[in-house]
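Each chain, letter by letter, is given below.
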Amino acid sequence: MSPTLIFLLAMSLFAVNNGNPNIELKIGVILDMDSNVGKMSKTCISMAIRDFYRKHDNYTTIIHPYYRDSKQDNVQAASAALDLMKNIQVTAIIGPMTSSQADFVIDLGNKDKVPVISPAASPSLSPYNNHYFIRSAHNSTLQLKPITELIKHFRWSEVVFMYEDGEYGRGLVPYLSDDMMNIGTKVTYQTVIYPSASDDWILAELYKLKTMQTRVFVVHALPDLASRLFKKVNEVGMMDEGYVWIITEGLTNQLHYLDHKEDLMQGVIGVKSHIPNSGELFDFKRRWKREFRSLYPDDDVTALDTSGIRLYDTVFGLAMALEKIQKEKGDSTTDSDGSGALKRGSRLLQSVQNFRFNGLSGDFNVINGQLQSSVYEIVNIIGNGEKTIGFWSPEIDGISKKLSNETKGLKKVTWPGESDVVPKGWEIPVSNKNMLRVGVRVGGFDQFIDEHIDPETGQITMTGFCVDVFNAVVEELPYAFKFEFVPFVTSDGKKPAGSYDDLVFNLSAGGYDAVAGDITILAHRSDRVAFTLPYTEAGVSLVVPIKDERKSAWIFLKPFENELWITTGAFFIYTGIVVWVIEHRVNEEFRGAPHKQVGMLLWFSFSTLVYAHREKLISNLSRFVVIVWVFVVLVLTSSYTASLTSMLTVQKLQPTYTDINEIKRNGESIGYQDGSFVRDMLIRMGFNDTQLKGYSTFEQYHDALELGSQNGGVSAIMEELPYIRVFVAKYCNMYTMRGPIHKTAGFGFAFPVGSPLVHDVSKAILQVTEKQMMNITNHWFREDASCDQKNGPQMKTDGLGHDSFKGVFLIAGLSSTSALVIFVLRFLYQNREMLVSQDHSVSQKLLVMAKTFDVLRDNKSKTSIPKAAVHVESHNNNSPVISVFHQEAEVFSQDEGFSSTQPGSPLVLDTIQVVQTITN
């Protein structure tokens, strides 16, 4: 007697014993009956029906399963579904188990309004788009969360995704790429493996992957294909140390179906849903094995996986939902032979789309037709079993070692090759003794990079600042980095094989695995290669010779700026004019012929510079002016003496050129380093090829600058800042940096585009810069930097400007101008009768005033007898004949405006007599 008949007989007896016949509800089940999964699933469903109604003997409904074999064929699955819906008129269908088969069956369920409960996990099959589809498993995209956290935890920057062609595999591709992008990890390659692919095709694909640098692989395939794949993985040596293999939930749950997994998949990491242990689950597993042996005595007992346990819970949930709608609607809508299934299916949908209970798998919670996410378990395949190394759940940020707490991280992992070292996730494929070829350009400045060849062994040794920085950076990397320097030279090894651009382009063409040395980071180079962060200062500037201005014949003019010289000269002349105006009427020494008076004016004013003026001043106003001016001269001469003394005793060096445009305008030559990008920069600035000269050493720079453009050398050198610092320090007091600094990015190391080394090396550069860069710099440049800075280039200081003496000039100007104004006002007041006269023209008045000003006053007598007469005759009969008699008396004392210091001096007034003669 078959187990099915035994089961039906038991159910009948159960119904009779309760006194009321149970309402039999027809449920279709579509499985691949000959597959291990199909056999396991059928066993779980049968046990679930039996266990449920044993626990709920008071239920008025009972599930009657109708099994159909899909025979691992999509069309056969659809045909079975049609038979169940049309002929059997089932209320619901459980299965199929695969996404490709479920896709067809779900469409039929939507049309006939029959709920389809399937563990198909493909994200392309959504309960939101298929109203009658209830997914009894997690959406396969949920497993990407623990996979993503796993990759993030180990900081792997690149992965390769290998998936099986079909609905199961393709649906996960876009979601994986998006999740990897969110954590900054790149999916460098995707391999689609057809289930019908030959072993040779798989082998060829693996060899291609082995030539790539990525060493982290995510495999999404079913057991049959995965078994073949991992056999070939071991054959090509991709299960050795340094490789990482991660498998998805579908394969992790069914590892027990793979043959010899202990030999094929050691060190593989997998993810699967976590089923909490319980006494009920333990008892079920024990009974399930016994049941399986009884149903399939000729088969090896397989293991029970998560999908079987969830099927068991699915039957429980379905049975509860059927009983619920039966109680709500009663028996009126159906009969004992299953008629009315169409209406029942519609009502059943509302119950099975949202229900929750604690089952064997834990919290079985379905919302809107989708089983909600739970905890994922991360396992490490070791030997013939699995070791749990961590957990992920929506409530935990990241992954944790134990589910009971939030201890972040993973337990110890055994990696492929039985290694305990965490793989870095990439490996640069090399063929030269498993070492990276690092290209370097020699033939430049020895302090930065130099080549030494052992004459006996021919071994090449690289030295220099850039080499030491590169070695220090490699030591800071968290993993071993084997490399060798390969000079970028011609076949005879005597000169560079090209420019720095040529070296960079050679790297992009695969000639080298990396490039080190004094390579400047430039935009057009970054189009071909990937640069690290810079490790030197950045910029390009001008180096020019400097001269000692103490040897100049005109150094005596340097203490004052031109504006100050002009201002000082103007004040000398102005002060002399003021003194002459005040002294002219009372002092014989300030009188005479016009040329004599001009000479006296200049002599007196400039002689105050050395205090050599011997002329006696009579007026107190002029004395006041001269006293203030002598103080100003004292300040000026003291400042001039101090500034000139400083210039003559302290070395003052001055650049020969301060602007590169001056060199270009003069048509002079300018130097640069051979092979450098600076040549192109100079051409863009407007220089001709004939003006450009390339050099390779600092000594050549020095010789060319000493010669100068006129003698076959150059007037200046255009160079990068790191070289300039060393060159200027090497030749103290001879050269300096002038002009603006043209910005660049500095020196960096170059790798092929997409190389994972760029990030790690850049981080290591920062560590070296903070810890070791000063020591490396001092080691290579200490001798040059020890140049006596006290004797170093003391650049020219600007001379004193007029801004420094505004105060004293203001005082001198105010005092002189005030004295002049007082004198003029007194003079005008003295001759006010003439000024107010209405009988004369302005020109006549001015002429009289000028003649009056030119008359010498006798300071020795009290009264001045001489008279000045002006007789003006007019040809106009109506014009008067004017006679002006001017009698000068000692109106003022010697100061032209103050009372005499001689007692008893009478006051004598000037008299002007005007006689008007009228002619007929």
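Since the model is a prediction, treat every value here as computed from it, not as a measurement.

Draft legend 1. Quick peek at empty space enclosed by the protein. All chains considered together, the criterion is met by five cavities of 30 Å³ or more. Of the voids in this model, the largest cavity is the one considered here, and its volume is about 50 Å³. Those elements that place two or more of their residues in the lining of the largest cavity are strand 5 (133-135), helix 13 (306-329) and strand 12 (362-367). For the lining of the largest cavity, the element with the highest residue contribution is helix 13, accounting for three residues. Partitioned by chemical class, the residues of the lining of the largest cavity number seven nonpolar, three polar and one charged.

Draft legend 2. Spotlight on the packing of helix 27 (residues 806-830) against helix 29 (residues 842-854). Two elements in contact, helix 27 and helix 29, have axes separated by 12 Å at closest approach and are oriented at 110°. The angle between the axes of helix 27 and helix 29 places the two elements in the roughly perpendicular class. The crossing of helix 27 and helix 29 is right-handed. Taken together, the residues of helix 29 that come into contact with helix 27 (itself represented by F823, F827 and L828) are M849, T852 and F853. Residue classes in the contact of helix 27 with helix 29 are distributed as five nonpolar, one polar and no charged.

Draft legend 3. Layout of the confidence of the model for the protein. When the pLDDT values of the protein are averaged, the result is 80; 83% of them are 70 or greater. Within the protein, strand 31 (residues 882-889) has the poorest average pLDDT of any element, 38, and strand 9 (residues 244-247) the best, 95. Here residues 5-10 is modelled with pLDDT under 50, and outside its nearest four sequence neighbours on either side it reaches six contacts, counting other chains as well. For residues 331-342, every residue scores under 50 in pLDDT, and the model assigns this stretch 19 contacts once sequence neighbours within four places are set aside.

Draft legend 4. Looking closely at the packing of aromatic side chains. Under the counting rule described, the total for this entry stands at 45 aromatic pairs. Plain terms: the ring middles of Y701 and F727 are 5.8 Å apart, the flat faces sit at 90° to each other, and that makes the pair edge-to-face. In this pair, Y701 is assigned in helix 23 (residues 698-707) and F727 in helix 24 (residues 721-730), connecting sequence segments 26 residues apart. Stacked on the ring of Y59, the Lys or Arg K327 has its end atom at 5.6 Å from the ring centre.

Draft legend 5. Highlighting the sheet that holds strand 10 (residues 269-273). The strand order across the open sheet built from eight strands is 7-6-8-9-10-14-15-16, with neighbouring strands paired in mixed fashion. At either end of the open sheet lies a strand with only one pairing partner, and these are strand 7 (186-193) and strand 16 (399-400). As defined by bridge partners, strand 14 (residues 376-382) adjoins strand 15 (residues 385-392) across seven bridges and the pair is classed as antiparallel. From the neighbouring strand, Y376 faces strand 15, where its bridge partner is W392.

Draft legend 6. Spatial organisation of a nonpolar patch on the surface. Residues I573, I577, V598, L602 and F606 make up a contiguous nonpolar surface patch of about 390 Å² in total accessible area. Looking at the nonpolar patch, the elements with two or more residues in it are helix 18 (562-583) and helix 19 (594-607). When residues of the nonpolar patch are assigned to their parent elements, the largest contribution, three residues, is made by helix 19. If you trace the backbone, V598 turns up in helix 19.

About the thresholds
- Residues numbered from 1 in each chain as written.
- Predicted model: local features only at pLDDT ≥ 70, side-chain atom pairs only at ≥ 80, totals over all residues.
- Heavy atoms only, no water.
- 1 Å grid on protein atoms, 1.4 Å probe; cavity = no way out; pocket = protein on both sides within 12 Å on 5 of 7 lines; lining within 4 Å.
- Points joined across faces, edges and corners; volume = space filled by probe spheres on them.
- Helix = DSSP H or I, 4+ residues; strand = E, 2+ residues; numbered from the N terminus.
- Nonpolar A, V, L, I, M, F, W, Y, C, P; charged D, E, K, R; others polar.
- Axes fitted to C-alpha atoms, helices over the stretch in contact; angles between N-to-C directions.
- Parallel < 35°, antiparallel > 145°, perpendicular 65-115°, else oblique.
- Left-handed = near helix turned anticlockwise from the far one by under 90°.
- Contact = heavy atoms within 4.5 Å.
- pLDDT = per-residue confidence, 0-100.
- Phe/Tyr/Trp six-rings, centres within 6.5 Å; stacked < 30°, edge-to-face > 60°.
- Lys NZ or Arg CZ within 6 Å of the ring centre and 35° of its normal.
- Pairing = 2+ DSSP bridges.
- Patch = residues over 30% accessible without salt bridge, like charges linked within 9 Å, V, L, I, M, F, W, Y side chains within 5 Å.
- Areas by Shrake-Rupley, 256 points an atom, 1.4 Å probe, with all protein chains shown as cover.
- Salt bridge = Lys/Arg side-chain N within 4 Å of Asp/Glu carboxyl O.

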